[in-house]
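So you can see what is in the structure, the chains are spelled out below.
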Amino acid sequence: MDKIIIAFQFLTILPLKVKSFRQELLAESTIYFPLVGLTLGIGLAGLEYCLSPFLPIDITAIIQVAFLALVTRGLHIDGFADTFDGLGCVKSPKEKLKVMKDSRIGAMGAISVIFLILLKYNSIAFIDQSLKIYALIVFPMASRWTMVLAIFFSSQMKHSGLGSKFQKEMKEKYFMLSTILPCLISIYLFDIIGLTALIGIAIITTIFYQLLLKSFGKITGDHFGFINEAIEVVTLMIFLMF
């Protein structure tokens, strides 16, 4: 139970506390990252069900994007912005990491967040109504699963920060267990097409990971946030194709 609580504690704003915290529980909690994403997705679907009969589609979409940002404390959006600030630096990987540590948001970070929110809003607003509930349930789950994939891939970490705390104890079995829920949900909702899409998302995540590693020389917790936000948009865009 503590592992589930830690997953929700880390990924959401919920004020949960564990009875006995141990460092190794951080890595084990990644098993439940997709469950946290699924819970967020159910919350988004609930908003859709309650608000769509009374509000225009675009207003409902704005509320859903705001809900997701608020309930996750904007943690991943912050990592997304920091990553783009680092990418905007044309100097060495060491200098890029230094830029990312700056608490002030730069021009690249601010611009990236604006486009990120616009992409989420428009994607949610324009997804076919027959698929929207499914999309809202699936995309936060898929993105949190890819964070686990990125943590599992990670072989070079900073010696401090949230990212390293997860990576140090990460094991293959944790990733494999985290994969069960996304696979079951994808197959149940979309049959083999869902599983194929999940594999495609994993490939895209791998490409993002390798590009970040090449650009920065190591992977940090901010990069995991970047991957989460990027995959949310990618997943929504996949639904826009149908």
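None of the values given here were measured: they were computed from a predicted structure. (Residues numbered from 1 in each chain as written. Predicted model: local features only at pLDDT ≥ 70, side-chain atom pairs only at ≥ 80, totals over all residues. Heavy atoms only, no water.)

Which residues make up the overall build of the protein, and what values do they have?
Of the regular secondary structure elements, the protein holds 11 helices and zero strands. Seen in sequence order, the protein has helices and strands lined up from the N terminus as α-α-α-α-α-α-α-α-α-α-α. Expected size for 242 residues packed as a compact globule is a radius of gyration near 18 Å; at 17 Å, the protein falls within 12% of this value. Dimensions along the principal axes, computed over C-alpha positions, put the protein at roughly 50 × 40 × 35 Å. (Helix = DSSP H or I, 4+ residues; strand = E, 2+ residues; numbered from the N terminus. Rg over C-alpha atoms; globule rule 2.2 N^0.38 Å.)

Outline the environment of L68, listing residues and values.
Within the element layout of this structure, L68 appears in helix α4 (residues 57-71). Not counting residues up to four positions away in its chain, the partners in contact with L68 are L40, L44, K120, F139, R144 and E232. (Contact = heavy atoms within 4.5 Å.)

Quick rundown of the nonpolar core? Include the residues and the values.
In terms of nonpolar packing, the biggest core is built from 63 residues, with F33, I124 and F139 touching the most fellow members. When residues of this core are assigned to their parent elements, the largest contribution, 14 residues, is made by helix α8 (residues 129-153). What F139 contacts, discounting residues up to four positions off in sequence, is L44, L68, I124, E232, T235 and L236. Ranked by size, the runner-up nonpolar core spans five residues in total, among them I6, V18, L25 and L26. (Core = buried A, V, L, I, M, F, W, Y, C linked by side-chain atoms within 4.5 Å. Buried < 20%, exposed > 50% of the residue type's maximum accessible area, 1.4 Å probe, protein only.)

Tell me about helix α1 (residues 2-11), and name the residues and values.
α1 sits mainly inside the fold: seven of its 10 residues count as buried. When we look at burial in α1, the residues that qualify are D2, I5, I6, A7, F8, F10 and L11.

An account of the packing of aromatic side chains is needed here, citing residue identities and associated values.
Each aromatic ring pair is summarised here by two numbers: the centre-to-centre distance and the angle between the ring planes. Considering all chains together, one arrives at 11 aromatic pairs under this definition. Consider the rings of F80 and F226, whose centres lie 5.2 Å apart with planes at 10 degrees: the pair is stacked. In this pair, F80 sits in helix α5 (residues 75-87) while F226 sits in helix α11 (residues 221-240), placing the two residues 146 residues apart along the sequence. F226 gets classed as buried once you look at its relative accessible area, which sits at 8%. (Phe/Tyr/Trp six-rings, centres within 6.5 Å; stacked < 30°, edge-to-face > 60°.)

Report on the side chain of E232, specifying residues and quantitative values.
Structurally, the position occupied by E232 is in helix α11. A relative accessible area of 0% places E232 in the buried class. Residue contacts for E232: discarding those within four places in its chain leaves L68, K120, F139, P140, S143 and R144.

Residue-level account of the pattern of salt bridges, with values.
Side chains carrying opposite charge are able to pair once their charged atoms draw close together. Counting across every chain of the model gives five salt bridges. K3 serves as the salt-bridge partner of E28, at 3.4 Å between the closest nitrogen and oxygen. Of the two residues, E28 sits in helix α2 (residues 24-28) while K3 sits in helix α1, which places them 25 residues apart along the sequence. K3 gets classed as partly exposed once you look at its relative accessible area, which sits at 24%. The network of salt bridges with shared partners includes K120, R144, E229 and E232. (Salt bridge = Lys/Arg side-chain N within 4 Å of Asp/Glu carboxyl O.)

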